[in-house]
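Summary of the model geometry
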Amino acid sequence: MNKTVLFLATLTLLLLAGAAGMTILAAAAPFPPGAPLYPLQSQAEQWRLQLTRDQSQRAAFALDVVARRLRALPQANGSAAVTTTCRAVELSLAQAVVHLGAAPAAAQADLQSQLEALLDDCVLALAGQDSAHPAINHLLSVVQGLYLPAAVPLTTTPPSAAVPATRIEPAAVAFLDPDVNHEDFPFLGGHASVECLTCHPDGLYDGISKTCADCHTFTPGAETLYTGHFAGACDECHHVYSWQPFWFDHQDIAECISCHEADAPEMHYVGECRQCHLDAADWNQWTYDHAGVVECESCHLVHNPPEHYAGLCANCHTDASDWNVFVFDHTGFTDCVACHNEAEIPEGHYPGQCDLCHLLTDWETIAFSHTNQPDCLACHAAQTPRPHYAGACVSCHATDVWRTAPFRHTAAATDCAVCHQFQTPANHAYEGACSDCHDSDAWQTAHFDHRRYRHCQDCHLADAPAWHYEGQCGACHNEDRWGDAWFAHAAYAGTKTCRDCHQPPASHYPAACTACHISDNWSYIRYQHDPASNCAACHAAAAPLAHYGNACAACHTSGSWTDATFDHSYAAAPCSACHQPPVDHWPGECAACHAADQWLNVAFSHANLTDCAACHAVPENHWPGECAACHATDQWHNILFNHANVDTCAACHPTPTGHWPGECAACHEIDSWANVHFDHTGYTNCKACHPRPDNHPRGQCSNCHTTETWFIAPSP
């Protein structure tokens with residue numbers, strides 16, 4: 001029930017807010033035509049027009065809407081904005097004229113004066129716009145047509161010469177009093193200055209038609225605007241303020257040619273307009289149902305590209321919803337060039353019939369029977385790579401599998417360079433015959449008898465690694481197993497040092513290599529550190545950042561470097577000389593808390609120390625009093641506080657959310673806080689403290705519960 005009421009209340013508020021917003025929009029009208037919220041503003045104005053019951057006030061508001069649209073006209077920027085604003089001004093004028101005509105006759109003169117003042121303002125606004133813009137010209141013609149025609153002065157016939165008196169036959173006498181009661185046909189707009197006898201000839205007053213066509217006859221001819229005039233009622237286009245066509249409701253009107261024949265573009269479709277134009281409000285929105293239509297040329301002939309297929313469009317374009325989807329049944333057609341001209345044929349293309357290679361059902365698939373076609377170059381000369389073997393193609397290629405090109409080199413001459421000179425790798429130094437290393441059966445497997453050649457550099461100079469030994473290759477390598485390089489260093493003992501051939505790494509130990517390495521197993525390093533005491537001479541770069549700056553031997557031993565020990569009992573310097581304290585650590589001496597032999601066992605005598613905050617930060621939202629009021633230095637977590645004579649609990653203990661706002665002592669006791677009791681005597685409004693459980697029935701709690709015992713005994 002509550003949810004329904006809440007929903008209805010919310011809906012009512014939203015409707016009231018929406019109505020208020022629409023009322024503000026209708027009154028202020030801040031948005032110009034074309035703005036995103038303009039349609040909502042226009043709808044609000046229409047609602048206000050419909051809700052205004054007084055015809056004079058409705059016409060006055062319609063004229064005010066015209067003034068609003070005119071204010072937006074000078075600010076229109078761009079062709080599209082000018083068109084939109086001019087259209088909005090025209091529609092507002094049409095609506096104002098309709099409401100002006102429906103206003104009482106007594107208000108007509110004042111309303112007409114307001115309309116003509118707005119027309120003058122519109123002419124001035126249009127004078128500052130681009131006169132060549134179509135929307136500007138159209139709106140100007142509409143405005144000119146709304147001005148009332150000038151009054152036609154009455155002409156009097158001069159008195160004729162006296163004639164003899166004759167007998168006067170009885171005849172009707174014209175009643176020309178301008179104050180005659182004319183309520184059945186008010187003198188509005190263009191009818192205000194019409195002579196009485198124009199409508200009442202021969203003194204006829206009764207039975208005069210009020211239909212426009214009975215007075216304003218239309219005679220088709222060369223002097224008319226168009227030959228096939230619209231056959232409907234005159235007031236569907238014309239109004240009494242100006243006979244120029246101004247307003248027409250196109251809804252449900254299907255015959256367009258009588259008015260819009262001259263509007264059709266050149267080479268336009270000659271059929272009924274409604275076959276394409278279905279939206280009477282927006283003539284630029286059009287569509288056409290092409291289903292079942294096969295004769296396209298009457299409309300789309302001008303759309304044909306140059307040198308287009310001359311047959312029926314339906315032969316290719318079968319999908320009327322998407323003209324770009326086309327297909328053609330080529331079955332039985334062999335003369336492809338008749339449609340596919342030379343512009344579509346690639347340069348150097350085979351000059352024969354297309355169907356010799358292409359399939360009519362799949363043009364991209366090319367199939368050609370090369371059987372008995374040995375002269376490949378007649379068609380494929382341009383596809384021959386350069387430099388290519390100059391012999392016949394069939395020497396290597398087969399017509400059924402072109403990519404596999406076998407060639408029997410057995411019978412070929414041994415001068416491989418005749419054909420493969422361009423395939424010789426870069427830096428191929430060997431200048432002898434290819435057959436010295438390669439054979440025609442397995443070219444990639446190269447064999448060379450190095451036993452007759454001792455100067456490897458003649459062929460393999462570029463293969464030597466950087467900083468390679470510059471002597472003869474045979475000093476280390478042998479021709480049978482090149483990777484197994486060896487060098488007899490023993491023969492050079494005492495005559496050369498390692499550095500004569502081998503450059504040490506950067507920052508390497510500067511002593512002789514033999515101090516650490518042996519020539520028969522270079523990777524095995526040994527050094528006698530026992531007599532060495534200055535470790536930093538070799539290992540200075542190996543010390544960690546901010547490392548202890550004294551001798552390494554103070555902590556490390558050469559026999560077991562990672563087992564570092566330091567006897568702090570002899571350290572005279574403070575701990576901070578070697579060890580940086582943690583961030584926000586107590587700034588006193590380390591020895592005040594730590595012991596060198598048991599660093600993690602922290603001990604500090606808090607005796608006679610009461611200013612705990614000097615070292616220990618107070619937790620957030622903590623009681624602001626002295627720590628000693630609750631804590632003891634020997635048992636910090638054993639918190640004791642004497643609550644005697646303390647009656648304001650909220651000073652230290654914040655009240656939980658949704659808690660009863662009264663004093664804590666009304667329910668709690670300081671010696672047993674969890675023992676809650678409350679004297680409910682005299683309390684009847686239980687809901688002030690106790691919310692109703694979910695799905696609980698409504699009503700007073702005292703109907704079922706008592707303050708002595710909340711439990712409800714089951715009903716018998």
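Overview of the structure. (Residues numbered from 1 in each chain as written. Predicted model: local features only at pLDDT ≥ 70, side-chain atom pairs only at ≥ 80, totals over all residues. Heavy atoms only, no water.)

1. Overview of the overall build of the protein
Stated formally: Helix and strand assignments come from DSSP, with helices taken as H or I runs of at least 4 residues and strands as E runs of at least 2, each series counted from the N terminus. The cut-offs for exposure are 20% and 50% of the maximum accessible area for each residue type, with area from a 1.4 Å probe on protein chains only; residues under the lower value are buried, those over the upper are exposed, and the others partly exposed. A contact between two residues is defined here by any heavy atoms of the two lying within 4.5 Å. Where accessible areas are quoted, they stem from the Shrake-Rupley method and a 1.4 Å probe; at the residue level, only the protein chains shown are allowed to cover.
Helix and strand counts for the protein come out as 14 helices and zero strands. Starting at the N terminus and ending at the C terminus, the protein contains elements arranged as α-α-α-α-α-α-α-α-α-α-α-α-α-α. The buried share of the protein, reckoned over its 716 residues, is 16%. Relative to all contacts within the protein whose residues are 6 or more apart in sequence, the contacts with residues 24 or more apart total 39%. As displayed, the protein offers around 55,100 Å² of accessible surface, 58% of which is attributable to carbon and sulfur atoms.

2. Quick word on helix α1 (residues 2–28)
A turn of α-helix holds 3.6 residues, and therefore any two residues three or four places apart point the same way. Under the convention used in this document: To estimate how far a helix should reach, multiply one less than its number of residues by 1.5 Å.
Under the 1.5 Å per step criterion, the end-to-end length of α1 is 38 Å for 27 residues, consistent within 8% with the ideal 39 Å. In this structure, the buried side of α1 is in contact with α2 (38–51) and α3 (55–72).

3. Details of the packing of helix α4 (residues 79–102) against helix α5 (residues 105–127)
This is how the line gets drawn: Note on method: axes are straight lines fitted to C-alpha atoms, helices fitted across the in-contact stretch only, with angles between N-to-C directions ranging 0 to 180 degrees. These descriptions rest on fixed angle ranges, namely under 35 degrees for roughly parallel, over 145 for roughly antiparallel, 65 to 115 for roughly perpendicular, and the rest for oblique. By the definition used in this description, the sense in which the near helix is turned from the far one sets the handedness, with an anticlockwise turn below a right angle giving left-handed and a clockwise turn giving right-handed. Gly counts as polar in this scheme, as do all residues outside two lists: the nonpolar Ala, Val, Leu, Ile, Met, Phe, Trp, Tyr, Cys and Pro, and the charged Asp, Glu, Lys and Arg.
Between α4 and α5, the least distance of the axes is 10 Å, while the angle of their chain directions is 165°. As the angle between them shows, α4 and α5 are arranged roughly antiparallel. Like other packed secondary-structure pairs, α4 and α5 cross with a definite hand, here left-handed. Facing α4, whose interface residues are V89, L93, V97, L100 and G101, α5 presents Q108, L111, Q112, L115, L119 and C122. Here the contact of α4 with α5 is built from residues that sort into eight nonpolar, three polar and no charged.

4. Looking at the pattern of salt bridges
To keep it simple, the criterion reads: Any Lys or Arg side-chain nitrogen found within 4 Å of a carboxyl oxygen on Asp or Glu counts as a salt bridge.
One pass over the full model with this rule turns up four salt bridges. Between E45 and R68 there is a salt bridge, and its shortest N-O distance comes to 2.9 Å. Placement of E45 in helix α2 and of R68 in helix α3 is noted, with a sequence separation of 23 residues between them. A relative accessible area of 1% means that E45 is categorised as buried. Look at R68 and you get buried, because its relative accessible area is 9%. One salt-bridge network, held together by shared partners, links E45, D64, R68 and R69.

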